[in-house]
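Spelled out from the first residue to the last, the chains are:
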Amino acid sequence: MIKTFADNIIEYNKNLAYIGELPAGFRVVNPFCDNPEAVKVMEQFYRKYYTDSRQRKFIIGINPGRHGAGITGIPFTDTKHLENVCGIRMQSAQTHEISSVFVYDMIAQYGGAELFYQDFFINSPFPLAIVREKEVGKWVNANYYDDTSLLRMTEEFMITSLKKQITIGIDCSEVFVLGKMNATYISEMNKKANLFGRITVLEHPRYIQQYKSKDKQFYIDKYILTLNNSIV
């Protein structure tokens, strides 16, 4: 029996674990270990949109936010958009993430979730949320490249993770990396491991929502034009 894209990503997610070192003050959030419902809604999502053997283009984020995929297990998808757009309700949490707003507004203009996810797969080199302790007992989102020690400790895991994701059903001829800093490090990993062909950089959704909100439609148009040009 041929495995579908959904079969492969569900299996990958269920086996996700980071057991490497972390600098003091950082920790990893794994929704698939922390909350059984995250596994359930993740399965529903991928069964809904990825139950086929089509190759997808790869959109590469940084690492999940603690209110998005850090809860739902689905990149750039908070519980609000998971329910309102994808029709999948999460009972154990209610979250709102700023990046998810841009992504799903863009997806709507692309033609909707079914069409978008037929063409694209979104994930990250570090596919679990990373948080750091800003003050005693107060944890905030962290990027894998925020700390040189964190980057050094996680790089091998990220390269291995990207290699595994490629086998799920990725078209590696061109990938889309979100965020200029992210693209710098993805390019370095690519040189070491020869993972991808062309790397195309797009502004990160959080940056757009936070600093360029007046120009949001310009960036949505840019995303759609860039992504459409990659689809034969």
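All values derive from a computational prediction rather than experimental measurement.

## Focus: the nonpolar core
Right, on to step 1. Counting residues in each nonpolar core, the largest one holds 73 residues, and the members touching the most others are F45, F116, Y144, F196 and L227.
Right, on to step 2. Element by element, the count of residues in this core is highest for helix α8 (residues 148–169), at 8 residues.
Right, on to step 3. Once you skip the residues sitting within four places of it in the chain, Y144 turns out to touch I62, N63, P125, I130, L150, L151, M158, N182, Y185, I186 and M189.

## Overview of the pairing of strand β3 (residues 120–123)
Right, on to step 1. Going residue by residue along β3, you find F120 and I122 tucked away on one face and F121 and N123 tucked away on the opposite face as well.
Right, on to step 2. Strand direction decides the pairing type here: strand β2 (residues 56–60) and β3, joined by 4 bridges, are parallel. Note on β3: the bridge partner recorded for K57 is F120.

## Brief notes about the pattern of salt bridges
Right, on to step 1. Enumeration over the complete set of coordinates arrives at 11 salt bridges.
Right, on to step 2. With a shortest N-O distance of 2.5 Å, D7 and R47 are connected by a salt bridge. With D7 in helix α1 (residues 5–14) and R47 in helix α3 (residues 36–49), the pair connects residues that are 40 residues apart, well separated along the chain.

## A word on α1
Right, on to step 1. For α1, the full list of buried residues reads F5, A6, I9, I10, Y12 and N13. What you see down the axis of α1 is that its buried residues fit within an arc of 160°, all on one side.
Right, on to step 2. Summarising the contacts, the buried residues of α1 are in contact with α2 (31–34), α3, β2, β3, α8 and β6 (170–178).

## Notes on the packing of aromatic side chains
Right, on to step 1. Per the stated rule, a full pass over the model turns up 26 aromatic pairs.
Right, on to step 2. When the centroid spacing of 5.4 Å and the interplanar angle of 80° are considered together, the rings of F116 and Y117 count as edge-to-face.
Right, on to step 3. Their ring planes at 75° and their centres at 6.3 Å tell us that F120 and F176 sit as a pair that is edge-to-face. Separated by 56 residues along the polypeptide, F120 in strand β3 and F176 in strand β6 bring together distant segments of the chain.
Right, on to step 4. Sitting over the face of the ring of W139, R27 holds its NZ or CZ atom 4.6 Å from the ring centroid.
Right, on to step 5. Above the face of the F5 ring, R56 is positioned so that its terminal group lies 5.0 Å from the ring centre.

## Looking at helix α6 (residues 98–110)
Right, on to step 1. In this model, α6 (13 residues) spans 19 Å end to end at C-alpha, consistent with the 18 Å of a helix rising 1.5 Å per residue.
Right, on to step 2. Burial in α6 covers these residues: S99, S100, V101, F102, V103, Y104, M106, I107 and Y110.
Right, on to step 3. Those residues of α6 that are buried lie in contact with α3, α5 (79–84), α7 (113–119), β3, α10 (205–211) and α11 (216–230).

## Notes on the packing of α1 against α3
How two helices sit against one another is set out by the angle between their axes and by the gap between those axes.
Right, on to step 1. At a minimum axis separation of 9 Å, α1 and α3 run at an interaxial angle of 160°. On the basis of the axis angle, α1 is roughly antiparallel to α3. For the element pair α1 and α3, the recorded crossing hand is right-handed. On the side of α1, the interface is formed by A6, D7, I9, I10, N13 and K14, while α3 contributes V39, M42, E43, Y46 and R47.

## Quick word on the sheet that holds β2
Right, on to step 1. What the 4 strands build is an open sheet, ordered β3-β2-β6-β7; its pairing is parallel. Unpaired on one side and paired on the other, β3 and β7 (198–202) mark the two borders of the sheet. Averaged over neighbouring strand pairs, the angle between their axes works out to 30° when direction is ignored.
Right, on to step 2. Note: β2 against β6, 5 bridges, orientation parallel. Its bridge partner being in β6, K57 is matched across the sheet by D171.
Right, on to step 3. The strands touched by α8 are β2, β3 and β6; relative to β6, the strand with the most contacts, the crossing angle is about 125°.

## Structural notes on the sheet that holds strand β1 (residues 26–29)
Right, on to step 1. Within the open sheet, the 3 strands sit side by side as β1-β4-β5. Their pairing is antiparallel. Both edges of this open sheet fall to β1 and β5 (138–141), since each of them pairs with a single strand only. Taking each pair of neighbouring strands and ignoring which way they run, the sheet shows an average axis angle of 40°.
Right, on to step 2. Sheet analysis places β1 next to strand β4 (residues 129–135), joined by 4 bridges and oriented antiparallel. Bridging from a neighbouring strand, F26 pairs with R132 of β4.

Cut-off values and rules
- Residues numbered from 1 in each chain as written.
- Predicted model: local features only at pLDDT ≥ 70, side-chain atom pairs only at ≥ 80, totals over all residues.
- Heavy atoms only, no water.
- Core = buried A, V, L, I, M, F, W, Y, C linked by side-chain atoms within 4.5 Å.
- Buried < 20%, exposed > 50% of the residue type's maximum accessible area, 1.4 Å probe, protein only.
- Helix = DSSP H or I, 4+ residues; strand = E, 2+ residues; numbered from the N terminus.
- Contact = heavy atoms within 4.5 Å.
- Pairing = 2+ DSSP bridges.
- Salt bridge = Lys/Arg side-chain N within 4 Å of Asp/Glu carboxyl O.
- Arc of directions from axis to C-beta.
- Phe/Tyr/Trp six-rings, centres within 6.5 Å; stacked < 30°, edge-to-face > 60°.
- Lys NZ or Arg CZ within 6 Å of the ring centre and 35° of its normal.
- Expected span 1.5 Å × (residues − 1).
- Axes fitted to C-alpha atoms, helices over the stretch in contact; angles between N-to-C directions.
- Parallel < 35°, antiparallel > 145°, perpendicular 65-115°, else oblique.
- Left-handed = near helix turned anticlockwise from the far one by under 90°.

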